[in-house]
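Residues per chain are reported as follows:
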Amino acid sequence: MRIATVTFNPAIDQTITLDRLIPGEVHRARSVRQDAGGKGVNVASCLADWGASVSVFGLLGQDNATLFETLFEQKAIDDRFVRVGGDTRVNMKIVDDTDTTDINMSGPVVGEADVARVERAVADFAGEDTLIVLSGSLPPGCDTILYAEMVAALTARDARVLLDTSGAPLTHALRADVLPKIVKPNRRELAAWADTSLDTMADVVACATALHRRGVALVVVSMGGEGALFVSDEGALVAHLPAGPLASTVGAGDAMVAGLAAGIAEGAGLERIARLSTAFAVAKLGRPGPHLPDLATIDALAAQVTISGAGITGPHRVGEDA
């Protein structure tokens, strides 16, 4: 299966590590690093670490594209970004010993003609043997219905579409006549789309199940320390794996999307997809930048993932008595 990611609003992620963030105080950074980022770029980078071939589409500011071009060359990622004038936005991530604070810019205004160039290129790539990952926010100048329109166009070409976004783009996509095959909101994003609180696991399961019944083949809801919920025709399950040393949470959700794509590409069942995507996400927590450790580490983590039925009290491994 050919895999492509689409990133209309990439970013350079500047990660500043502090001992402790105290609002209003002057701080001295322990370290500063910059990484090529944006959700689709992060997904592609993790997939490349897994050994998958992946193409990247989107809009990239030509004036500071070097970080991206270096990453794509180092990881043999097929670069199909449309270059536009100006700079790609720079997002700031402030990491201390307890949390990560994100300061995200909206990105430069993009032109309709450039957006259309990306749409045509992705449509030309799409086919029955493709998985297209649409992820991230849309920059100023993009209509919030863009992802919904792309889902319909790509589905018409028999591509499978995995959508990872939030806000109005997610709302439009999930209210459309043609739905993506896979969606991965986090709990807060799902609650915002449903316009209701999801205070309990039962609430999350009910909401995700309703979305699946509407036609989304695989619904994945990331829930932080509570793990992630997976709902498909095979049933509903919760996958959980305690996090190890925390270098940065930046891109962990994108690593989970990469794991979903990897599992889908290999034709895996629901449990394998849950294990693999959870392992990707937790492995990413221990590393700065959009990178994964070696394959043996990922496989070992996947084997350690605890699986429970959604609604069963207390985790157990599939195949064992609850």
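Notes on the structure follow. None of these values were measured; they are calculated from a predicted model. (Residues numbered from 1 in each chain as written. Predicted model: local features only at pLDDT ≥ 70, side-chain atom pairs only at ≥ 80, totals over all residues. Heavy atoms only, no water.)

## Topic: the packing of aromatic side chains
- Applying the stated criterion across every chain yields a total of 4 aromatic pairs.
- Between Phe8 and Tyr147 the ring centres are 6.5 Å apart and the planes differ by 55°, which places this aromatic pair in the tilted class. With Phe8 in the loop between strand E1 (2-7) and strand E2 (11-17) and Tyr147 in helix H4 (residues 146-156), this pair connects stretches of sequence that are 139 residues apart.
- With relative accessibility at 2%, the residue Phe8 sits in the buried group.
- Here Tyr147 falls in the buried class, since its relative accessible area comes to 0%.
- For the ring pair Phe57 and Phe125, a centre distance of 5.5 Å and an interplane angle of 65° mean the geometry is edge-to-face. Placement of the pair is Phe57 in strand E4 (residues 54-61) and Phe125 in helix H3 (residues 112-125), with a sequence separation of 68 residues. (Phe/Tyr/Trp six-rings, centres within 6.5 Å; stacked < 30°, edge-to-face > 60°. Helix = DSSP H or I, 4+ residues; strand = E, 2+ residues; numbered from the N terminus. Buried < 20%, exposed > 50% of the residue type's maximum accessible area, 1.4 Å probe, protein only.)

## What to know about the nonpolar core
- Of all hydrophobic cores here, the largest spans 54 residues; its most connected members are Leu47, Phe72, Leu218, Phe230, Phe280 and Ile298.
- No other element matches the 9 residues that helix H9 (residues 270-285) contributes to this core.
- Other than its neighbours up to four places away in sequence, Ile298 contacts Trp50, Leu276, Ala279, Phe280, Ala283, Leu292 and Pro293.
- Judged by nonpolar contacts, the second largest core, of 47 residues, contains Ala4, Val122, Leu163 and Val221. (Core = buried A, V, L, I, M, F, W, Y, C linked by side-chain atoms within 4.5 Å. Contact = heavy atoms within 4.5 Å.)

## Details of the packing of H9 against helix H10 (residues 295-304)
- As a packed pair, H9 and H10 sit with axes 8 Å apart at the nearest point and diverge in direction by 120°. Classed by the angle they form, the pair H9 and H10 counts as oblique. Of the two elements, H9 crosses H10, and the hand of that crossing is right-handed. From H9, Arg275, Leu276, Ala279, Phe280 and Ala283 reach across to H10, where they touch Ile298, Leu301, Ala302 and Ala303.
- Partitioned by chemical class, the residues of the contact of H9 with H10 number 8 nonpolar, no polar and 1 charged. (Axes fitted to C-alpha atoms, helices over the stretch in contact; angles between N-to-C directions. Parallel < 35°, antiparallel > 145°, perpendicular 65-115°, else oblique. Left-handed = near helix turned anticlockwise from the far one by under 90°. Nonpolar A, V, L, I, M, F, W, Y, C, P; charged D, E, K, R; others polar.)

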